[in-house]
Every structure is written in C-alpha cells, then in structure tokens.
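Tertiary structure, described
Chain by chain, the residues run as shown.
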Amino acid sequence: MKTIAFLFPGQGSQSVGMGQDLFEEYDFVREIFDAADEIAGAHISKICFKGPMETLTETVNLQPAVTAVNLACLAAIERAGIPCQFSTGHSLGEYSALRSAGVVSMADTLRMVFKRGQLMHRESQQHKGAMSAIVGLEIDRVDELVQADQSSGTVSVANHNSKEQIVITGSPDAVSAVSQAAKAKGARAIPLKVSGAWHSELIKGAEEEFAAFLETIEFSSPAHRVIHNVSADSCQEAPEIRQLMANQLCSPVRWYDTVCRLMAEKVDTFIEVGPGRVLAGLLKKIVPPEYDHRVFNVGNMKTLEALVSELS
C-alpha cells in the first residue's frame, strides 16, 4: 500500500504556457481558470498561456496564476482516482494543499491567494525588500549570521528549503550584509529576482488585514493531513488552521522540516502537483538515497498520463 503525499509549488515555479494543455483537454479545468479570471478581475488564463513573463511574475497575477494551475493539476489527478494521505505546499502552494484536503473550496482558495497577492504587492511598494539564497551553510549557522547583523536593517530566514539551502529576506542592505558574511564562511549567496521581502517583518503591515479577510472564508476540518509551513506539523481544527495561514504570511517556510516529517510518516510516493520541478529538486537534496521512495511531477497532460500509467 503506497503512502502518497501531494506537494504544491509556489512562486518561482511559473512558466509561460503552464496549464494550457489541461485547459484545452478538460471542461473542469476551464471552470477553474474562469473562476480565477473572475476573482482576479484579470485574464489570468491568458497571462498563464501567453505571458509575457514580466506580467506573469507580478505577484498580483502570479499568485492566482500558479494556484489555478496547481488546482487544475489536482483536479485532473483526482479525476484519475489517485488519492493521497498527506498534502503540503511551499508558501503559496499551501493554499492548494488546503483545497486538496477539503479545508476550503476552489473559489475560496483563489480568493485567498488573490487577496494575499494584493496585500503583499502593496507592502512591497511601501517597503523595499530583497531575498537571497544561502547555499552551503546549515540553518543554525545562518541564524547566527542573521542575529549578528540586525544593525543594517531588517533581515530574517524566509525559507529553510533543504539542509544547506536557506533563503534570507529583508531590507536590501541587511540581506547584502548577511550574504557577504555567508560568503566569508564559504557559502554561496544567490540574489533572488523578487519584488518584495516575502516572509519578513517588512510585510507585517498586511498581516492583520489578511487575518481579518480569512475570517470571511469558511474553513473545514481536513479530510487528510496537511503539513503546515509554520509548524511542520498537521492540525485538525479549522480555526487553528485559519490562524496558521494568517501567521504564514510573515513566518519562515519550514520546508526541510516538512519533508522530514513526511518521511517520518513513511510517505513513499511524492507527487509535485503544479508547474515546474522546484520541489522535486529539493526532494533530491533532502531525501537520503537509502530511503525507498518515488517522485512524480504532474504539470501537464504528458506527466499526468505517466503518473496514471504508474499508479492506477
């Protein structure tokens, strides 16, 4: 008996053309994109399929766009009758995980990520931010560097992606200073192309308004376990899940701990549900070779058919 986890990607997984073949194949996928267009008041489907990339990567477009593709891929997998025992998602992807577990509706998932994108964009306009990937140091060492350099501005850990890949976030000068300190320790520091300091105190101004918005959304208890970014653990109570999602906005994404938790739960089949292969790449860095497992990605018709052929 396979133990399956669905993993949903977030920002950084996008590409022009994503989701188009599923849109052309299935009526139920067209309904998802129609809902995204209506909720965002923009042609999210057209931006997904035709670009340009600059427009797609604007966070107000990107969050509903990636989520629409995630949900389209999820719907196609569900139609094929492939269940999961666990869901999780990287940052933005966590909203798709909630939908997978029946915590929220499809339309409410899109409403939440559109509102989230609007608020994050607003805060990034008011507070210039930067992010950088530190590669080659473990989390404790990066934490030390972050704590040692609070004088040049706000800086913190945004994502603990793998054992030695940690993303820092904050004001440009502070992120640059910690990046230089990491390089002095022998690490690499890779500036990320982002429009704001996501998962940092610099977007804290959005947290209260977003929490109030989440109170207008109906949350239900999950049908299967969702491993949350904030806690790297599951939660069965709808009000607590709502609070976790409010906290997620400015809290670090504990992805390394999340994957370790899935391994502790004996997950042996990981399916990346959505565009790109970012999460599959992180799994290669986290899951040891001796751990018996398989990794699939479903982002289009070809990969969907391959999954169905293997697991049905």
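The preceding data block contains the structure.
Predicted model, so just to flag it, every value in this text is computed and none were measured.

What follows covers the packing of helix α6 (residues 93-100) against helix α7 (residues 106-126). At a minimum axis distance of 9 Å, the contact between α6 and α7 shows a crossing angle of 165°. With respect to each other, α6 and α7 are oriented roughly antiparallel. When you trace α6 past α7, the crossing you get is right-handed. For the pair α6 and α7, contact is made by Tyr95, Ser96 and Arg99 and by Met106, Thr109, Met112, Val113 and Arg116, respectively. Of the residues in the contact of α6 with α7, the class split is four nonpolar, two polar and two charged.

For the rest of this paragraph, the subject is the nonpolar core. Phe6, Ile77, Phe219 and Ile271 are the most contacted members of the largest nonpolar core, which has 72 residues in total. Among the elements that make up this core, the one with the highest residue count is helix α5 (residues 59-79) (twelve residues). For Ile271, the contacting residues outside a window of four places in its chain are Ile4, Ala5, Phe6, Leu7, Ile77, Ile82, Phe296, Val298, Leu307 and Leu311. By size, the runner-up hydrophobic cluster in this structure holds 18 residues, among which are Leu7, Val253, Met263 and Leu283.

With that settled, the discussion passes to a nonpolar patch on the surface. A surface patch of nonpolar side chains, amounting to about 190 Å² of accessible area, comprises Ile190, Leu192 and Val194. Residue position: Leu192 is located in the loop between β6 (188-191) and α10 (207-214). Under the relative-accessibility criterion, Leu192 is labelled partly exposed at 32%.

For the rest of this paragraph, the subject is the packing of aromatic side chains. A complete count under the given rule lists six aromatic pairs for this structure. Ring geometry for Tyr95 and Phe210: centres 6.5 Å apart, planes at 70°, overall edge-to-face. Remark: Phe210 occurs in helix α10 and Tyr95 occurs in helix α6; sequence separation between them is 115 residues. Chaining the aromatic ring pairs together yields one cluster made of Phe23, Phe33 and Phe49.

Procedures and definitions
- Residues numbered from 1 in each chain as written.
- Predicted model: local features only at pLDDT ≥ 70, side-chain atom pairs only at ≥ 80, totals over all residues.
- Heavy atoms only, no water.
- Axes fitted to C-alpha atoms, helices over the stretch in contact; angles between N-to-C directions.
- Helix = DSSP H or I, 4+ residues; strand = E, 2+ residues; numbered from the N terminus.
- Parallel < 35°, antiparallel > 145°, perpendicular 65-115°, else oblique.
- Left-handed = near helix turned anticlockwise from the far one by under 90°.
- Contact = heavy atoms within 4.5 Å.
- Nonpolar A, V, L, I, M, F, W, Y, C, P; charged D, E, K, R; others polar.
- Core = buried A, V, L, I, M, F, W, Y, C linked by side-chain atoms within 4.5 Å.
- Buried < 20%, exposed > 50% of the residue type's maximum accessible area, 1.4 Å probe, protein only.
- Patch = residues over 30% accessible without salt bridge, like charges linked within 9 Å, V, L, I, M, F, W, Y side chains within 5 Å.
- Areas by Shrake-Rupley, 256 points an atom, 1.4 Å probe, with all protein chains shown as cover.
- Salt bridge = Lys/Arg side-chain N within 4 Å of Asp/Glu carboxyl O.
- Phe/Tyr/Trp six-rings, centres within 6.5 Å; stacked < 30°, edge-to-face > 60°.

Keep in mind these values describe shape, not function.
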